[in-house]
Amino acid sequence: MRVPPPAPEPRRAPDTFDAIVAGGGHAGCEATLAMARLGLKVLLISSNLERIGYLSCNPSIGGVGKGNIVREIDSLGGMMGRWADAAGLQFRMLNTGAGPAVQAPRAQIDRKAYLGAVQQAIFGHPNIWVIQDFLAAPLLRRGRVSGTRTEFGREFSCRALLLALGTFVGGMLHIGKKRFPGGRLGDAPAGRIRRSLRDLGLSLDRFVTGTTPRLARDSVDFSSMEPQPADDPPPRFSFYGPPPPLPQLPCHLTWSTPESHQYIAENLLLSPLYDGSLTHPGPRYCLAIEDKVFLFPQRPRHQIFVEPEGVDSQEVYPNGIHTGMPLRIQKAFLSMVPGLERHHIIRPGYLVEYDYLPPTQLAPSLEVKAVPGLWSAGQLNGSSGYEEAAGQGLWAGLNIFCSLTGRPAFMPERRQAYLAVMVDDLTTKGIHEPYRMFTSRAEHRLSLRHSNADERLTPLGRELGLIPDADWRAHETRRGKKEKLLQELAAREVRPDAAGRAAFEELGESLPGKNISLAELLRRPGMNSAKIARLWPDIMEYDPECRNEAESALLYAGYLKREEELAARQSELELVRIGEVDYTQVHGLSREAVEKLAAVRPRTLGQAGRIPGVTPAALNCVEIHLKKTTTQRI
């Protein structure tokens, strides 16, 4: 007779949590799991347990700039890349016809599969406790966070509190003239925390974002649209996780029409964006359809990508037409779009008006300057997008871990990661519209390719403890293959003899006057590993990503060297620390410079130089002041 195994010991929550995370979106989940995997005891407070890890807006992850962030999260040991691979319905590498600095992976995501992958990781971890409730207020002891109080009247002790509340603080939904409280459709907003943050002396401002109507799949005529197939083989987000398991589905492209534009223009004043209801900024790069019609009247049509929501989902997402128009207007203009003539709206499009915390109130670690032990990440910091939120969640989680364990703060430089560019932009420059990552924001973008994120960041993740042995071995193997390929390309030469002449004629290349290495040959414009294979067939034994990385390293070697020199000069300024300075006492500073420096309180001269309004002359004044005060101390 088989004896059943003994029941596991009941798990008891600690009297004091190491960290409490408020919010179960992308920022909150990434932070929670990272801290738990590093050994911290974490409580996750979510207003809706069923929506932990939910994709609130479009069913996709990645894209130019954003895909780079996902790769960086994965390289540090974070989870978004693995979750996206597990739930990906269609993977594509964007901008393959352009340079490597602007290429990035993007995937359509099965919402249910993604939700399941996230929740399995969160609910299955022994260091994570989850409750459904609303955060009401941080509790302080001697000016530092010591716990939380919830709207249901519960109190919990903690050493650190992370706010990852998305669009839920003061959230208000708008559909035409109808408006009602909500962080998203079907979910109530966070109530009391808004007043609690103001009571702590923090300032809040408001932004607007929106989403599209969701349509019934069987009401769409896909035959009149242009199919957009997946890449084969599908590019992956994770360097280390398993390959995508789900079947790959196409998206479909259609267009708005002049008729639909005219109808929207005639009813423009029915939109909250134009009737005076909403005056707060929205995402300039992701305009509502009514904004597109008003701002670009000369354009006869706009792209609409009809995207699947899941393998078994009955909904599709018409990307490109988010709106706050009344429902009857939404139905009317959609019926004027090819393929959507007989559409059925399952969920209306709507706009969300919400509070955010102007991020210059945060230290570069994402800790609130005025309240030690309080941290903030994601859309609450004024950013937009799943990827930006998850990146900030991981950044904050790692810094909470470092703070609680006495380690130096996790602070990669701008030359090392898009994550660092984003956090520095938010906390140093501030924002006046929802922040989105673009490759153009990174002055070292050629060095910050999606394909080399592991080289830049996996050693940091390993040092912190988020990269397990198996992933580290995979990283070392991948790095070794690239180094071996570069060595072989440098060592192998082609001679200008009869055999070489025939090969170069076949390739359409001019014959060199002397022996030339394959590495030098690869630097020629238009050359690639497929052409090199005519001269050295063994190169095709290396996997495509390894070959592409080697090509980029060789082709852009000169540019990369200049980026390294620029980064080295900038690093010198980053080494000059700024302590507590009374900027009113710094001779030569303008009133604007004093106000900007006092508001941000930069840690280094490098950070001070990136503050808008701080000129090179002002930076020089600060440097002279620092030298004088240092000499006086000595």
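The present account deals with the structure reproduced in this document. The residue numbering used here restarts from 1 in each chain and proceeds along that chain's sequence as written. In view of the model being predicted, local features appear only for residues whose pLDDT reaches at least 70, and side-chain atom pairs are presented and counted only at 80 or more, with totals across whole chains, interfaces and linings using the full set of residues. The side-chain numbers reported here are obtained from all heavy atoms of the structure, hydrogens and water having been left aside.

Helix axes are fitted only over the stretch in contact, all axes being lines through C-alpha atoms; the angle between N-to-C directions runs from 0 to 180 degrees. Only runs of H or I of at least four residues qualify as helices and only runs of E of at least two qualify as strands under DSSP, and these elements are numbered from the N terminus. Contact geometry of helix α2 (residues 66-76) with helix α11 (residues 453-464) gives a least axis separation of 7 Å together with a crossing angle of 35°. As for how α2 packs across α11, the hand of that crossing is right-handed. For the pair α2 and α11, the contacting residues are Arg71, Glu72, Ser75 and Leu76 in the first and Ala453, Asp454, Arg456, Leu457, Thr458, Leu460 and Gly461 in the second. In this scheme, a crossing is called left-handed if the near helix is turned counterclockwise away from the far one by less than a right angle; it is called right-handed if the turn is clockwise. Contacts were defined at the residue level, with two residues in contact if any of their heavy atoms lie within 4.5 Å.

To continue, consider the nonpolar core. We call a set of buried Ala, Val, Leu, Ile, Met, Phe, Trp, Tyr and Cys residues a nonpolar core when their side-chain atoms join them within 4.5 Å. Exposure categories follow from relative accessible area, calculated using a 1.4 Å probe and restricted to protein chains: below 20% of the type maximum is buried, above 50% is exposed, and the middle band is partly exposed. In this structure, Ile61, Tyr114 and Leu163 are the most contacted members of the largest nonpolar core, which totals 102 residues. Apart from the residues lying within four places of it in its own chain, the contact partners of Ile61 are Leu55, Val70, Met80, Ala84, Arg106, Ala107, Ile109, Tyr114, Phe237, Tyr386 and Glu387. With 21 residues, the next largest nonpolar core counts Ile304, Val316, Ile321 and Ala332 among its residues.

Before going further, it helps to spend a moment on the environment of Gln361. By the element assignment, Gln361 lies in the loop between β21 (350-356) and β22 (374-376). Taking the C-alpha atoms as reference, Gln361 lies 37 Å from Ala113; in sequence the two are 248 residues apart. Apart from the residues lying within four places of it in its own chain, the contact partners of Gln361 are Leu202, Ser203, Glu367, Val368 and Lys369. What qualifies as a polar contact is a pair of N or O atoms within 3.5 Å, subject to a donor-acceptor requirement within protein and to the restriction that residues adjacent in sequence count only when both atoms come from side chains. A polar side-chain atom of Gln361 sits 2.9 Å from the main-chain amide nitrogen of Ser203. Of the polar contacts made by the side chain of Gln361, one reaches the backbone oxygen of Pro358; its length is 3.0 Å.

The rule is simple: put a 1 Å grid over the protein atoms alone, call a set of points where a 1.4 Å probe fits but cannot get out a cavity, call an open set with protein on both sides within 12 Å along at least five of seven lines a pocket, and count a residue as lining if it has an atom within 4 Å of a point. Grid points are joined across faces, edges and corners, and a volume is the space filled by probe spheres set on the points. There is about 980 Å³ of room inside the second largest pocket. Lining of the second largest pocket is provided by 34 residues; of these, Met93, His450, Pro544, Glu545 and Asn548 occupy positions nearest its centre. Mapped by element, the contributors of at least two residues to the lining of the second largest pocket are α12 (469-491) and α16 (544-555). Broken down by element, the lining of the second largest pocket gets its largest block of residues, seven residues, from α16. The class makeup of the residues in the lining of the second largest pocket is 14 nonpolar, 13 polar and seven charged. Gly is placed with the polar residues, together with every amino acid not listed as nonpolar (Ala, Val, Leu, Ile, Met, Phe, Trp, Tyr, Cys and Pro) or charged (Asp, Glu, Lys and Arg).

This next bit is on the pattern of salt bridges. Counted as salt bridges are all cases of a side-chain nitrogen of Lys or Arg within 4 Å of a carboxyl oxygen of Asp or Glu. Under the criterion given, the structure shown has 35 salt bridges. A salt bridge links Arg284 to Glu433, with the shortest nitrogen-to-oxygen separation between them at 2.6 Å. Of this pair, Arg284 sits in the loop between α6 (258-266) and α7 (289-295) while Glu433 sits in the loop between α10 (418-429) and α11; the two residues are 149 residues apart in sequence, bridging distant segments of the chain. Note on Arg284: relative accessible area 58%, which makes it exposed.

We now examine unusual backbone geometry. With an omega of 0°, the peptide bond running from Asp232 to Pro233 counts as cis. Along the chain, Pro233 falls in the loop between β16 (226-228) and β17 (251-255). For Asn95, which is not glycine, the phi dihedral falls at a positive 60°. When you line up the elements, Asn95 lands in the loop between β5 (88-94) and β6 (104-109).

Now for the sheet that holds strand β4 (residues 60-62). Strands belonging to one sheet form pairs held by backbone hydrogen bonds; the direction of such a pair is parallel or antiparallel. Spatial strand order, β4-β6-β5: three strands in an open sheet with antiparallel pairing. What marks the edges here is a single partner per strand, and that holds for β4 and β5. Across the sheet, the mean angle from the axis of one strand to that of its neighbour is 20°, orientation sign disregarded. Two strands form a pair only when DSSP identifies at least two bridges running between them. When β5 meets β6, the two strands line up antiparallel, connected through six bridges. Bridged to Arg92 within β6 is Arg106.

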